[in-house]
Amino acid sequence: MDLDRTVTLTEERLAVEGGALSDLLRHFRDRISPVLIGDREWELILERAGQLPITMGALPFGFELPLHTEAPRADLGVSLASGTRTAAFFFERARGGKPDETARVIERLFRRMDAEDSPLREIVGRKLMLEYDIGPARHDEGALPGMFLRPGERPILGARGQVNDAGLVVDALAACVGWDLTGAERRNVERAYLAQPADTRMDSFGVFPSRSRAIRLAVMGFTSEREVSSYLEDTGWPGELAAVHAVISRFKERAQVVRSGVNIDVVEDGVGPTLGLTLIVKQRYTKNSRYWLDGLTDWQPFLGALDNEDLVVSAKVAALAGWVSTPTTLFAKSGRYVLLRGIHHIKLVISGGRLRQAKAYVFMVLSGAVSS
């Protein structure tokens with residue numbers, strides 16, 4: 001059965017189980033350590049998920065977990081695709097009487113994807129990822145989630161002359177949230193692409209409409225510290241390269257780092273000072289990994305290396321080790337499902353000349369396309 005049909009079938013069955021995504025998440029509370037997400041924080045997540053359709057469970061969803069703070073809080077990540085029940089939910093909300101700017105943004109973006117011979121769809125397909133801040137920002141009812149597109153259909157690779165592809169994706173994201181890109185922003189995105197060495201890829205593009213204006217670019221596949229340094233220098237990153245070298249060197253001493261990636265924020269003046277660093281160890285590297293869902297891999301070597309950092313909370317690292325699981329069979333009113341849980345990636349955040357944060361991005365995905 002192809003992926004689109006699997007998603008459609010799973011959406012149909014989930015619709016029998018409830019109305020909101022919170023109806024689904026409640027069943028998973030006992031599978032999530034309170035060290036990672038506390039009871040109060042879980043209620044805040046359910047509050048947000050109560051505004052989203054249960055059919056979102058048919059595509060990967062999950063959490064951003066801060067490992068550098070004792071507070072057991074998390075942000076919520078979900079994904080959706082045009083042409084699905086979930087997309088129809090947001091289209092209906094966009095046309096409803098009550099203002100729903102998130103739904104309107106999604107509708108505008110999906111109309112671009114669904115247009116005949118859509119150049120955007122040729123690059124990113126039909127999928128969109130959303131990241132909802134859970135916490136003080138939730139009190140602002142007008143706050144929009146972070147929005148991410150990934151070039152999964154036509155990867156944007158370094159040294160391949162795809163600067164127009166990068167610009168097209170950025171234009172689509174900016175237009176859907178109502179931004180009018182300046183010439184400087186466009187030039188800075190172009191510079192970020194042209195600085196990429198061969199065999200790297202622009203893995204995702206993101207915007208956070210309710211935060212300070214920036215375009216988040218994730219570039220993956222660097223093979224050496226030298227490549228990372230050259231890239232940051234060529235993009236004009238204003239941070240301290242010595243801090244980046246120090247972090248990479250420490251992890252190389254503890255685990256077999258084979259590739260790395262960076263997250264940079266393109267702004268009007270160039271590139272922002274905060275850097276996200278992703279280190280990929282041999283046991284989990286797959287060149288063509290998918291966003292959120294990249295299969296079960298051995299995370300223990302990296303988690304062991306991470307636990308040596310004074311910054312991180314050891315209890316959270318230990319709890320995170322138990323997140324990854326083999327496929328688990330679940331039974332519900334509409335029949336049998338398979339649940340898969342995993343760690344997508346861990347991001348190390350460098351700013352002000354030092355490592356400041358460590359965040360784990362974990363996912364869950366359900367499939368109702370299970371034979372009897």
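Reading the values: the criteria
Residues numbered from 1 in each chain as written. Predicted model: local features only at pLDDT ≥ 70, side-chain atom pairs only at ≥ 80, totals over all residues. Heavy atoms only, no water. Helix = DSSP H or I, 4+ residues; strand = E, 2+ residues; numbered from the N terminus. Rg over C-alpha atoms; globule rule 2.2 N^0.38 Å. Buried < 20%, exposed > 50% of the residue type's maximum accessible area, 1.4 Å probe, protein only. Contact = heavy atoms within 4.5 Å. Core = buried A, V, L, I, M, F, W, Y, C linked by side-chain atoms within 4.5 Å. Lys, Arg positive; Asp, Glu negative; His and termini not counted. Salt bridge = Lys/Arg side-chain N within 4 Å of Asp/Glu carboxyl O. Arc of directions from axis to C-beta. pLDDT = per-residue confidence, 0-100.

J.: Honestly, the overall build of the protein chain in this entry has me stumped. Any pointers?
T.: When you go through the protein chain residue by residue, the secondary structure sums to 12 helices and 12 strands. By the compact-globule yardstick of 21 Å for 372 residues, the protein chain fits well, its C-alpha radius of gyration being 20 Å. Per-residue burial for the protein chain yields a buried fraction of 56% across its 372 residues. Partitioning the contacts of the protein chain with sequence separation of at least 6, the portion at a separation of at least 24 is 70%.

J.: How should unusual backbone geometry be read in this particular structure?
T.: Apart from glycine, the bulk of residues carry a negative phi angle, and the bulk of peptide bonds sit in the trans form. Positive phi outside glycine occurs at D117, with the angle close to 55°. Relative to the helices and strands, D117 is located in the loop between α5 (101-114) and α6 (119-124). The exposure class assigned to D117 is exposed, which follows from its relative accessible area of 59%. Residue D199 is not a glycine yet carries a positive backbone phi of 75°.

J.: Whenever I open this one, the environment of M129 confuses me. Can you help?
T.: Following the sequence through the fold, M129 ends up in strand β3 (residues 127-132). Take M129: its relative accessible area is 6%, and that puts it in the buried class. Residues M129 and R150, 21 residues apart in the sequence, show an inter-C-alpha distance of 8.6 Å.

J.: Just to check I follow, could you spell out the nonpolar core for this structure?
T.: Side chains of a nonpolar character, in soluble globular proteins, are inclined to be buried together. In this structure, F63, L306 and L320 are the most contacted members of the largest nonpolar core, which totals 112 residues. Ranked by residues supplied to this core, first place goes to helix α7 (residues 163-176) with seven residues. Apart from the residues within four sequence positions on either side, L320 is in contact with L36, L65, L67, L303, I343, I346, A360 and V362.

J.: What should I look at first to understand the side chain of E41 in this one?
T.: Take E41: it is sitting in helix α3 (residues 39-49). Buried charge without a partner: E41 forms no salt bridge, and the closest opposite charge is R40, 4.2 Å away.

J.: What am I meant to see in helix α12 (residues 314-321) here?
T.: Given 3.6 residues per helical turn, the α-helix brings residues three or four places apart onto the same face. Taken together, the buried positions of α12 are occupied by K316, V317, A319 and L320. Taken end-on, α12 shows its buried residues confined to a sector of 165°, consistent with a single buried face. Elements in contact with the buried residues of α12: β1 (61-66), α11 (300-306), β11 (335-351) and β12 (354-367).

J.: Please explain the confidence of the model for the protein chain as it appears in this structure.
T.: Close reading of the predicted structure is inappropriate where its pLDDT is low. In this model, the protein chain carries a mean pLDDT of 93, and residues with pLDDT of at least 70 account for 94%. Under a pLDDT of 50 for its full length, residues 284-296 has, in the predicted model, 44 contacts with residues more than four places off or in other chains.

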